[in-house]
Amino acid sequence: MAAGSSLLRIGVVGYGHLGQYLVERILKDGAALGLTLAFVWNRNPTKLTGLLPDELILSELSRFADRSCDVIVEVCHPQIVKEFGQHFLSQSHFMVGSPSALSDPDLNMRLRQAAQQYGRTLYVPTGALWGGQDIQRLNDSGALKALFIRMSKHPSCFRLTGDVLSGWTEGEGRRVLFRGSVAELCPLAPNNVNTMAAAAVAAGTLGFTGVQGEIVSDTALSDFHVVEVEVTGPDGFTVHTVRRNPARLGAVTGNATYNSFWNSLLTCKGHGGRVYLC
Ligand SMILES: NC(=O)c1ccc[n+]([C@@H]2O[C@H](COP(=O)([O-])OP(=O)(O)OC[C@H]3O[C@@H](n4cnc5c(N)ncnc54)[C@H](O)[C@@H]3O)[C@@H](O)[C@H]2O)c1
């Protein structure tokens, strides 16, 4: 906790949908829950002008340490995790809102090492993943054998780096876009597979190359995203969950995921120099 204050100081990096939601909740409910806003940074600072008091706007992200944060939350892009993740961990706990960044084995290792070196926690929010802690427990006991996650959404909800979805038509129905390891999926759909990335962190023994995923475009899903998780343990043990996450047409993020992020942030009070699913 920053000197002279009993409130946890939170820095928010990114002011898109999730960033705006978190900033609003911290300003509205934070004090009662022990949080205060230390800064907000956005790539385009004009988006913040007039909406937030000037003293809360950070214009140069490289000056983040001036704000003495307890927790820094990234909600913008994996690239910022790559550029700043280690620096953030040298000063604060760090909640990585774009965990697909961790599919890069080198970055993953550097962030884990930084967390250990500085005694600060790298928090990975569960997002739309159901049962993340159960998966982690099974993993930690050595009993997790396989994990598969299928994410199905309306085609307007996908942001893909390739052109696999070009030319979709309303009413075309269901189309499997990709099936493979989460390591292969993350670069193809970095904004859509954060839930799978969180699962790959929970299932550390399988990791990004061992956890399998599938993304499916389905024009029937105009009101919600579907996340299916299939867990396999020893001796025929299996769990299959199906989460229907209400979402606006074209939205990358389901409605319930916003509240899930807020609850994750409330957990970020320091859990030592390690990665922690929250
Ligand atoms: N963990 C999860 O379950 C989960 C769920 C939803 C979204 N996300 C991730 O969180 C992040 C934010 O999501 P959102 O819904 O608020 O997205 P958004 O598109 O509404 O906002 C993203 C913001 O980041 C900025 N930005 C984009 N690229 C950037 C870059 N290279 N450098 C700096 N800033 C950049 C944009 O200008 C925008 O202000 C995304 O990476 C998204 O994939 C994670």
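Residues numbered from 1 in each chain as written. Predicted model: local features only at pLDDT ≥ 70, side-chain atom pairs only at ≥ 80, totals over all residues.

Take the overall build of the protein chain next. A tally of regular secondary structure across the protein chain gives eight helices and 11 strands. The C-alpha radius of gyration of the protein chain comes to 19 Å, within 12% of the 19 Å expected for a compact globule of 278 residues. Overall size of the protein chain, expressed as C-alpha extent along the three principal axes, is 55 × 45 × 35 Å. Looking at the 278 residues of the protein chain, the share that counts as buried comes to 42%. Counting contacts in the protein chain only where the partners sit at least 6 residues apart, residues at least 24 apart contribute 72% of the total. (Helix = DSSP H or I, 4+ residues; strand = E, 2+ residues; numbered from the N terminus. Rg over C-alpha atoms; globule rule 2.2 N^0.38 Å. Buried ≥ 20, exposed ≤ 12 C-beta atoms within 10 Å, placed from the backbone. Contact = placed C-beta atoms within 7 Å.)

Turning next to unusual backbone geometry. In this structure, Ser68 takes a positive phi of about 40° despite not being glycine. With respect to the secondary-structure elements, Ser68 resides in the loop between strand 2 (35–41) and strand 3 (71–74). Under the C-beta neighbour-count criterion, Ser68 is labelled partly exposed, with 17 such atoms within 10 Å. The backbone of Asp235 sits at a positive phi, close to 55°, despite the residue not being glycine. With respect to the helices and strands, the residue Asp235 is situated in the loop between strand 9 (224–232) and strand 10 (238–246).

Another point: the nonpolar core. Most often, soluble globular proteins keep nonpolar side chains buried together rather than apart. Grouped together as the largest cluster of nonpolar side chains are 76 residues, with contacts concentrated most on Ile10, Val73, Met196 and Ala199. Among the elements that take part in this core, helix 6 (residues 194–202) stands out by supplying seven residues, more than any other. Here this core spans two domains, and each of domain 1 (8–128 + 258–277) and domain 2 (132–252) adds at least three residues to it. With residues up to four places along the chain from it excluded, the contact list for Ala199 reads Leu129, Gly132, Ile135, Leu147, Ile149 and Val211. (Core = buried A, V, L, I, M, F, W, Y, C linked by C-beta atoms within 7 Å. Domains from an automatic or database assignment.)

This part covers the environment of Asp66. Looking at the secondary structure, you find Asp66 in the loop between strand 2 and strand 3. According to the C-beta neighbour criterion, Asp66 is exposed, with 11 such atoms within 10 Å. Separated by 27 residues in the primary sequence, Asp66 and Phe39 have C-alpha atoms spaced 10.0 Å apart.

Among the 26 residues in the neighbourhood of the ligand, the closest are listed as Gly16, Leu18, Cys76, Gly127 and Asn194. Contributing elements (two or more residues each) for the shell around the ligand: helix 1 (17–33), helix 2 (78–91) and helix 6. If one sorts the elements of the shell around the ligand by residue count, helix 1 sits on top with three residues. For the shell around the ligand, the per-class residue count stands at nine nonpolar, 16 polar and one charged. (Near = placed C-beta within 6 Å. Nonpolar A, V, L, I, M, F, W, Y, C, P; charged D, E, K, R; others polar.)

Attention shifts here to helix 4 (residues 132–140). Every buried residue belonging to helix 4 is among Gly132, Ile135 and Leu138, and all of these are buried. Relative to the axis of helix 4, the buried residues are bounded by an arc of 125° and lie together on one face. Facing away from the buried side of helix 4 by more than 90 degrees, the exposed set consists of Gln133 and Asp140. Backbone geometry just after helix 4 places Gly142 at a positive phi near 85°. (Arc of directions from axis to C-beta.)

Accessible area lost upon the coming together of the parts serves often as the stated size of an interface. In terms of domains, the protein chain is made up of domain 1 (8–128 + 258–277) and domain 2 (132–252). One C-alpha centre belongs to domain 1, the other to domain 2, and the line joining them spans 24 Å. Facing the 13 residues of domain 1 at the interface are 18 residues of domain 2. In the side of domain 1 that touches domain 2, the residues fall into eight nonpolar, five polar and no charged.

Here we take up the UniProt feature "domain: Aspartate/homoserine dehydrogenase NAD-binding" (unreviewed entry) in the protein chain. The UniProt record annotates "domain: Aspartate/homoserine dehydrogenase NAD-binding" (unreviewed entry) at residues 14–125. Along residues 14–125, the helical share is 40% and the strand share 16%, with 16 Å between the first and last C-alpha atoms. (UniProt positions renumbered as here; feature names shortened; annotations may be inferred.)

So, about the sheet that holds strand 9. The strand order 7-8-6-9-10 describes an open sheet built from five strands, whose pairing is mixed. The two strands at the open ends of the sheet, each matched to only one other strand, are strand 7 (174–181) and strand 10. Averaged over all pairs of adjacent strands, the angle between their axes in this sheet comes to 15°, without regard to strand direction. Strand direction decides the pairing type here: strand 6 (residues 146–153) and strand 9, joined by seven bridges, are antiparallel. Paired with Ile149 across the strands is Val229, a residue of strand 9. Those strands touched by helix 6 are strand 6, strand 8 (212–218) and strand 9, and its axis lies near 170° from that of strand 6. (Pairing = 2+ DSSP bridges. Axes fitted to C-alpha atoms, helices over the stretch in contact; angles between N-to-C directions.)

This part covers the sheet that holds strand 5 (residues 122–124). Spatial strand order, 2-1-3-4-5-11: six strands in an open sheet with parallel pairing. Each having just a single partner strand, strand 2 and strand 11 (275–277) make up the two edges of the open sheet. Adjacent strand axes in the sheet meet at a mean angle of 25° when their direction is disregarded. Sheet analysis places strand 1 (residues 8–13) next to strand 2, joined by six bridges and oriented parallel. Bridge pairing in strand 2 links Gly11 to Phe39.

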